[in-house]
Amino acid sequence: MVPDSANRYDTIVVGGGLVGAAVAFGMARRGRRVGVFDGGDRDFRASRGNFGLVWVQGKGADYAPYARLSGAAASCWSDFAAQLLSDTGIDVGLEQNGGYDFCLEQAEWDARASEMSRVAAHTDGEFEYEMLGNAELRQRIPEVSDEVLGASYSPLDGHVNPLYLLRALHQRLLDLGAAYHGAEPVVSSAAEAGRFVVTSARGRYRCERLVFCAGLANQRLAADLGMHIPLQPLRGQLLITERVPRFLPCATLQVRQTMEGTLQIGDSHEDVGYDESTTLEVITRLAARAVRIFPHLRHVRLQRAWGALRVMTPDGNPVYQQSRAHAGAYAISCHSGVTLAAMHAGPVAAWLCGEPGHPLIGEFPADRFDVSAA
Amino acid sequence: MFRRLEDSAPERIEIEIDGEPVLVPAGISLAAALFYLDAMPSRRTQLSASPRAAFCMMGACFECLLEVEGEGSQRACQLQVRPGLRAWRQLDPLEPGANS
Amino acid sequence: MKTSYPLVIIGAGPAGMAAAQVAAAQGVEVAVIDEQAQPGGQIYRNVDSSPLADAQLLGRDYLLGKPQVQAFRHTPIEYFPASAVWYLDRNREIGLLHQAEHRRIEAGSIVIACGAQERPMPIPGWQLPGVMTAGAGQILLKSAALVPSQPPVLAGSGPLMLLLAWQYLRAGVGVRAIVDTTPRHNRLQAMLRLPRALAAAEYLYKGLKLISAIKRARIPWYLEARNLCADGDEQLQRLRFDSRGGAVEIETGLLQLHQGVIPALQLADAAGCEMRWSEMQQCWQPLVDAWGESSIAGVFIAGDAAGIGGARAAALAGQLAGLQVAFRQNRIGQQQRNRLARPLQIALRRHLAIRPFLDSYYRIDNDAQLSDGTTLVCRCEEISAAEIDAVAALGCSGPNQAKAFTRCGMGHCQGRFCGASVEILLARHRACSVADIGRFTTRPPLKPVTLGQLAAASGDQS
């Protein structure tokens, strides 16, 4: 039997993906004794299906606080990446020199133009963007096909290697004295005399604060402490190619050249439930779109294709919620673990530690989904 | 590194490796031809330019990758030589496909 | 090529050929897809088109394949050689490359008969030109009549290493040395299983014949070798190792490694078949029933792809799978199936009787693997054992997390040559069995395919 004191943490973070690792890192940096409980090696993991974008374009077109949150998160990324590099020696490969989102059809172009103008309006013009026609676009990226109608462009966008980001966060966690319980999923939790008791696959643990960052499992796990967080999986299939000579000047929403030189091609949006398998239909469709935009990629070999499940709230915006019934218990749900990582490790971690945090955090309560509130 | 057994089928065909015409036994794989020609290494890795040659000869290890008729990274162990076949060793680590 | 077949068999080695013949004989419409240009698999490669003046030098067992290959060539099936299955899923949807074009096929049933691959034998320097698998040496001999210009060093453990030495001797090529890594304590374990092995005495007789021929040739044979290290700059120059306490160095330009074979699992993985760890064979195997059917209904796995049993057992397993498919598709009744199966099952049991002896005699010692942190675990992405140890120290939840953190297994070979090593290293770190570590998730493409080939297929569908 493990002595009781070994099973006691200031804070338990449920989930060791990009969201959990970032907030756990942020809280450990604030001196908390943090325990991170992670699921198994083959669990659904949005963090391994990530496209790696630090992306502002189009985010929050229909909800101004999300547009502002994304902008704020993107603007702290360069300091965040530099700090991770100096603390861990891991270069997460941040390249924040703009991003393109291609339009192949007129309808796409029209919808995009409207979306961009709404985001700009929500952020009082802080969000900068351009709509580029084919000729302008090809001046900047000559490999683009003349079949492409154009693209939206924002200088605020960028990309990182999401896997190295996760590794850097895990390494920092351990350096700061946090305990990582890998392959030890949390089963349930309860409030007991102002504290929380967390039951994992291997034991029982106590803590003063409890943060659910368990991806899709938040819906089930956070319910133990009175938080209702409706979530839906949305499958994305992704492709990675072999390494090719560098030709992309920056990220695009359709094709991203990684720091290794491989191309990541994304991604599908499929409402298929808890099924992360791949399909021939989607793999061939994604490849066809990539070749349609960049015909010279025809000869490039596919290296890997896989599916992952996005964590989607009903309105697509994040959730930052403290339990009203059990203060000290929190839930975070979002599908922008990369873009928001710097925010999660900074102001959100501060908020979780009981500090004021960031004024925008209060704009994302989970009870906006309650039927009674509607 | 390898030689052909003396009493085996004598037919030879001409192929091109790195732009040089060479004679190799008919009916063998391109990877086998490289061993026959002692064309080592058969590639360099893109990451560190370290020298490599065919390792498993059965399509599993991908060490025998070669540019064949303008198509990069073909498994030489899975391709039969045929008269006039043109192949290039991928010896430049940074520019895959640069030879074509 | 049609877009759907009642039975698709992947692989035309002993298991695939046998399954095709039996199913076709019962009236099942069969398509056989094989990556090789000729039927026979690795074991019977070029058996009816040998470049050798006298293929007898490869031994009698090899020639046993000739009538099988010839019968297969006359079987009324659709046979697609030089075609690679790059995609398979649990819905039995198949993506393949045939004559450089992507094709999509749906299969009523599938028999996966893709055989085995060599168990990776990671040692420092194993990526150098001049180091290859023993199987590669044998393929060069069978398919190209190529033999080493200078006597090679053979290192590792297992029957194939001895067979290759014997074949090289018969071809008039010397062998510089055999560096045998078989652990000494295996012998006792094997002896306990000898009585059962006597049921398949011809295997024992054949083994003894190889060993005595090698001994007669006075080839230096180093026993209990450990800490192997291949040295060289641009090419292999020497092999260093310890043998019975002494350090040995051999100058050589060619080193052929072998430590047994393991099932090639990519296709079974892709189909979603459940796997289990075999402590005896030290490898993962798909769970199959007596007919070879996996946990996914309609997906059968026959031959070495389901667990190592050798060519003879593979052919019998292929026949059994063929019968079961014919039964499922109402081509034969249950009684007829059982009557036809009985002699096959008896023969299969007999051929498998040798396995416990062989498996325990040549059981690899995982503790002796990867003792040097500089060893490249992942040849493709050039990831060392020390780098895997470093992420294991982070508490890494398993092989897939290690892959995400290091890129190990993300290269061209799709983890075929690093998966086993990552499992061993993580198990060592956690002091548990590989069974508790799990394995890489296999991702398509299983074989190389270009975006252009895929894009062309997408156009067809829309």
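This write-up is about the structure you can find in this document. (Residues numbered from 1 in each chain as written. Chains lettered and ligands numbered in written order. Predicted model: local features only at pLDDT ≥ 70, side-chain atom pairs only at ≥ 80, totals over all residues. Heavy atoms only, no water.)

### A closer look at the overall build of chain B
Filter applied, for reference: Numbering of helices and strands runs from the N terminus, with a helix taken as a DSSP run of H or I at least four residues long and a strand as a DSSP run of E at least two residues long. Radius of gyration here is computed from C-alpha atoms only, and the compact-globule reference equals 2.2 Å multiplied by the residue count raised to the power 0.38. Here the term buried applies to any residue with accessible area under 20% of the maximum for its type, exposed to any over 50%, and partly exposed to those in between, with areas from a 1.4 Å probe on protein chains only. Residue contacts are counted whenever heavy atoms from the two residues lie within 4.5 Å of one another. Each accessible area is a Shrake-Rupley estimate made with a 1.4 Å probe; only the visible protein chains count as cover when residues are assessed. Two residue types count as positive, namely Lys and Arg, and two as negative, namely Asp and Glu; His and chain ends fall outside the count. Charge coordinates come from a single atom per side chain, which is NZ of Lys, CZ of Arg, CG of Asp or CD of Glu.
What chain B contains, in helices and strands, is 1 helix and 8 strands. From first element to last, N terminus to C terminus, chain B shows the α and β order β-β-β-α-β-β-β-β-β. Whereas a compact globule of 100 residues would reach a radius of gyration of roughly 13 Å, chain B reaches 13 Å, a difference of no more than 12%. With respect to the three principal axes, the spread of C-alpha positions in chain B is 40 × 25 × 20 Å. Of all 100 residues assigned to chain B, the portion counted as buried reaches 55%. Considering only contacts within chain B whose residues lie at least 6 apart along the sequence, 43% involve residues at least 24 apart. When the accessible surface of chain B is split by element, carbon and sulfur atoms take 49% of a total near 3,900 Å². Within chain B, the 14 negative side-chain charges are centred at a point lying 5 Å from the centre of the 10 positive side-chain charges.

### Let's talk about the sheet that holds strand β16 (residues 255-259) of chain C
All names here are of chain C. Put simply, the rule is: When DSSP finds at least two bridges between two strands, those strands are taken to pair.
Taken in spatial order, the 5 strands of this open sheet run β8-β16-β10-β11-β12, and their pairing is parallel. Edge strands, defined here as strands with exactly one partner in the open sheet, are β8 (131-133) and β12 (221-222). In this sheet, β12 lies alongside strand β11 (residues 177-180) in parallel orientation, the contact comprising 2 bridges. By the bridge assignment, V179 is partnered in β12 with Y222.

### Considering the sheet that holds strand β6 (residues 65-68) of chain B
Residues and elements named next belong to chain B. To be explicit about the condition: Orientation is described by lines fitted to C-alpha atoms, with helices fitted over the stretch in contact, and by angles between N-to-C directions that extend from 0 to 180 degrees.
Strand order in this open sheet of 5 strands is β3-β2-β8-β6-β7, and the pairing throughout is mixed. Only two strands of the sheet have a single neighbouring strand rather than two, namely β3 (20-25) and β7 (71-75). Neighbour-to-neighbour, the strand axes of this sheet turn through a mean angle of 45°, independent of strand direction. Set on the sheet, helix α1 (residues 30-37) makes contact with β2 (12-17), β3, β6 and β8 (86-88); between it and β3 the angle comes to about 105°.

### A few points about unusual backbone geometry
Here M40(B) and P41(B) are connected by a cis peptide whose omega angle stands at -5°. One can find P41(B) in the loop between α1 and β4 (43-44). The omega angle of the peptide bond from P444(C) to P445(C) is 5°, so this bond is cis rather than trans. Turning to its location among the elements, P445(C) is positioned in the loop between α15 (419-430) and α16 (451-461). Located in the positive-phi region is A100(C), a residue other than glycine, with phi close to 65°. When you line up the elements, A100(C) lands in the loop between β5 (93-98) and β6 (101-112). The exposure class assigned to A100(C) is exposed, which follows from its relative accessible area of 57%. Located in the positive-phi region is N227(C), a residue other than glycine, with phi close to 55°. Within the element layout of this structure, N227(C) appears in strand β13 (residues 225-232).

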